[in-house]
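Topology and contacts: notes
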Amino acid sequence: AQRVTQPEKLLSVFKGAPVELKCNYSYSGSPELFWYVQYSRQRLQLLLRHISRESIKGFTADLNKGETSFHLKKPFAQEEDSAMYYCALSSEGGSEKLVFGKGTKLTVNP
Amino acid sequence: DGGITQSPKYLFRKEGQNVTLSCEQNLNHDAMYWYRQDPGQGLRLIYYSQIVNDFQKGDIAEGYSVSREKKESFPLTVTSAQKNPTAFYLCASIVNWGSPGELFFGEGSRLTVL
């Protein structure tokens, strides 16, 4: 069965510090991994996906199949990065039946 | 302005009553979803629809029902059989089933059972 684990419910860092939000997955095939973000009073939206290998708002995430991880990283956190972050996994092919982690609430302090 | 509209934003219900949450999209997307979001639980899939006139149970379908009579509409009924209905409900859509694209979400509906 597909499973996504985000071990930290809450993560607090200071502005300018590096941030890493952890995501581990369980899936025997070739997964497609995503990070979704929910800013305060905004709808949930896609931040990035591993297949596109982009850097969005300074965030990057590398799929590590050996460690079954897809950690989200940013070298210098900003206050506007404060939000709820969800890691999600899809089986081969696309976004149907995404399985979401329980989320990590990131707070960036001034 | 294209997107997904959920209504109502807030809804109160007495125990034993059914309630229907509306989800409308004008993105011309084939596939639509309903998720339930609880604090500390993340998003859990209730029902999904790959195409009009078709829908499938997700992981937590008990106590819920849906219909997909029109491409743009995917209403969710929370029945009295749902034991713990107080939650935040999210509707989403994607271009088509199997698409590697982005899942678009509505702003959500918060249901409170009194």
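This report concerns the structure included in the present document. Quick caveat: nothing in here was measured; it's all calculated off a predicted structure. (Residues numbered from 1 in each chain as written. Chains lettered and ligands numbered in written order. Predicted model: local features only at pLDDT ≥ 70, side-chain atom pairs only at ≥ 80, totals over all residues. Heavy atoms only, no water.)

1. Overview of a nonpolar patch on the surface
Residues and elements named next belong to chain B. To keep things clear, this is the line we draw: In this analysis, a patch consists of residues with relative accessible area above 30% that form no salt bridge, clustered at 9 Å for like charges and at 5 Å for the nonpolar side chains Val, Leu, Ile, Met, Phe, Trp and Tyr. Surface accessibility in these figures is a Shrake-Rupley result with a 1.4 Å probe; residues are shielded only by whichever protein chains are displayed. Criterion for a salt bridge: a side-chain nitrogen of Lys or Arg within 4 Å of a carboxyl oxygen of Asp or Glu. Helix and strand definitions here come from DSSP, where helices need a minimum of 4 consecutive H or I residues and strands a minimum of 2 consecutive E residues; each element is numbered from the N-terminal end. Relative accessible area decides the class of each residue, using a 1.4 Å probe on protein chains only: under 20% of the type maximum gives buried, over 50% gives exposed, and in between gives partly exposed.
Together, Tyr-10, Phe-12 and Leu-114 make up an exposed nonpolar region whose accessible area comes to about 410 Å². If you trace the backbone, Phe-12 turns up in strand E2 (residues 10-13). Looking at Phe-12, the relative accessible area reads 57%, which means it is exposed.

2. A word on the sheet that holds strand E3 (residues 19-21) of chain A
Residues and elements named next belong to chain A. What counts is decided by this rule: A pair of strands is treated as paired once DSSP finds two or more bridges between them.
The three strands are arranged E3-E8-E7 in an open sheet whose pairing can be described as antiparallel. Among the strands making up the open sheet, the edge pair consists of E3 and strand E7 (60-61). Looking at chain direction, E7 and strand E8 (residues 72-74) are connected through two bridges and run antiparallel. Its bridge partner lying in E8, Thr-60 is registered against Lys-73.

3. Let's talk about the packing of aromatic side chains
So the rule is basically this: The criterion for an aromatic pair is that two Phe, Tyr or Trp rings (for Trp, the six-membered ring) have centres within 6.5 Å, with stacked assigned to planes under 30 degrees apart, edge-to-face to planes over 60 apart and tilted to the rest.
Scanning all chains against the criterion turns up 12 aromatic pairs over all chains. Arranged with centres 5.4 Å apart and planes meeting at 85°, the rings of Phe100(A) and Tyr35(B) form a pair that is edge-to-face. Here Phe100(A), found in strand E10 (residues 99-100), pairs with Tyr35(B), found in strand E4 (residues 31-38), and the two come from separate chains. Phe100(A) gets classed as buried once you look at its relative accessible area, which sits at 8%. A connected cluster of aromatic rings, assembled from ring pairs, spans Phe34(A), Tyr36(A), Tyr86(A), Phe100(A), Tyr33(B), Tyr35(B), Tyr48(B) and Phe105(B).

4. Things to note about the sheet that holds strand E8 (residues 76-78) of chain B
All names here are of chain B. Inclusion rule: Here, axes are lines fitted to C-alpha atoms. For helices the fit covers the stretch in contact, and angles between N-to-C directions go from 0 to 180 degrees.
Read across the open sheet, the four strands follow the order E1-E3-E8-E7; overall the sheet is antiparallel. Single-partner strands in this sheet number two, and they are strand E1 (4-7) and strand E7 (64-66). Strand-to-strand, the axes of this sheet are offset by a mean angle of 20°, without reference to chain direction. Relative to strand E3 (residues 19-25), E1 runs antiparallel, the two being bridged by four bridges. Considered in E3, the bridge of Ser-7 is made with Ser-22.

5. As for the state of the cysteines
Operational definition: Cysteine sulfur atoms that come within 2.5 Å of each other are treated as a disulfide pair.
Scanning the entire structure with this criterion turns up two disulfides over all chains. One disulfide bridge connects Cys23(A) with Cys87(A), the sulfur atoms lying 2.0 Å from each other. On the S-S bond that ties Cys23(A) to Cys87(A), the torsion sits near -65°, and the link is left-handed. Separated by 64 residues along the polypeptide, Cys23(A) in the loop between E3 and strand E4 (24-26) and Cys87(A) in strand E9 (residues 83-90) bring together distant segments of the chain. The residues Cys23(A) and Cys87(A) share a single accessibility class, namely buried. Across a sulfur-sulfur distance of 1.9 Å, Cys23(B) and Cys91(B) are joined as a disulfide pair.

6. A look at the nonpolar core
Heads up, the condition is: For our purposes a nonpolar core is just a set of buried Ala, Val, Leu, Ile, Met, Phe, Trp, Tyr and Cys residues, chained together by side-chain atoms within 4.5 Å. Between two residues, a contact is recorded if the distance between any of their heavy atoms is within 4.5 Å.
With 24 residues, the main nonpolar core has Trp35(A), Leu72(A) and Tyr85(A) as its most contacted residues. For this core, the secondary-structure elements that each account for two or more residues are strand E2 (10-14), E3, strand E5 (32-38), strand E6 (45-49), E9 and strand E11 (104-109) of chain A. At four residues, E9(A) tops the list of elements feeding residues into this core. Excluding its chain neighbours within four sequence positions, the residues that come into contact with Leu72(A) are Val19(A), Glu20(A), Leu21(A), Trp35(A), Leu47(A), Leu48(A), Phe59(A), Thr60(A), Ala61(A) and Tyr85(A). By size, the runner-up hydrophobic cluster in this structure holds 20 residues, among which are Tyr86(A), Ala88(A), Phe100(A) and Tyr33(B).

7. Comments concerning the pattern of salt bridges
All chains considered together, the criterion is met by eight salt bridges over all chains. Across the salt bridge formed by Glu20(A) and Lys22(A), the nearest N and O atoms sit 3.0 Å from each other. Relative accessible area serves as the criterion here: at 28%, Glu20(A) is assigned to the partly exposed category. Overall, the relative accessible area of 30% leaves Lys22(A) in the partly exposed class. Of the charged contacts, one joins Lys9(B) and Glu107(B) as a salt bridge, the two residues approaching to 3.5 Å between their closest N and O atoms. Of this pair, Lys9(B) sits in the loop between E1 and E2 while Glu107(B) sits in the loop between strand E10 (104-105) and strand E11 (109-113), and the two are 98 residues apart along the sequence. With relative accessibility at 48%, the residue Lys9(B) sits in the partly exposed group. Each of Glu20(A), Lys22(A) and Lys73(A) takes part in salt bridges that share partners, so that together they form one network.

Read these as geometric descriptors, not functional statements.
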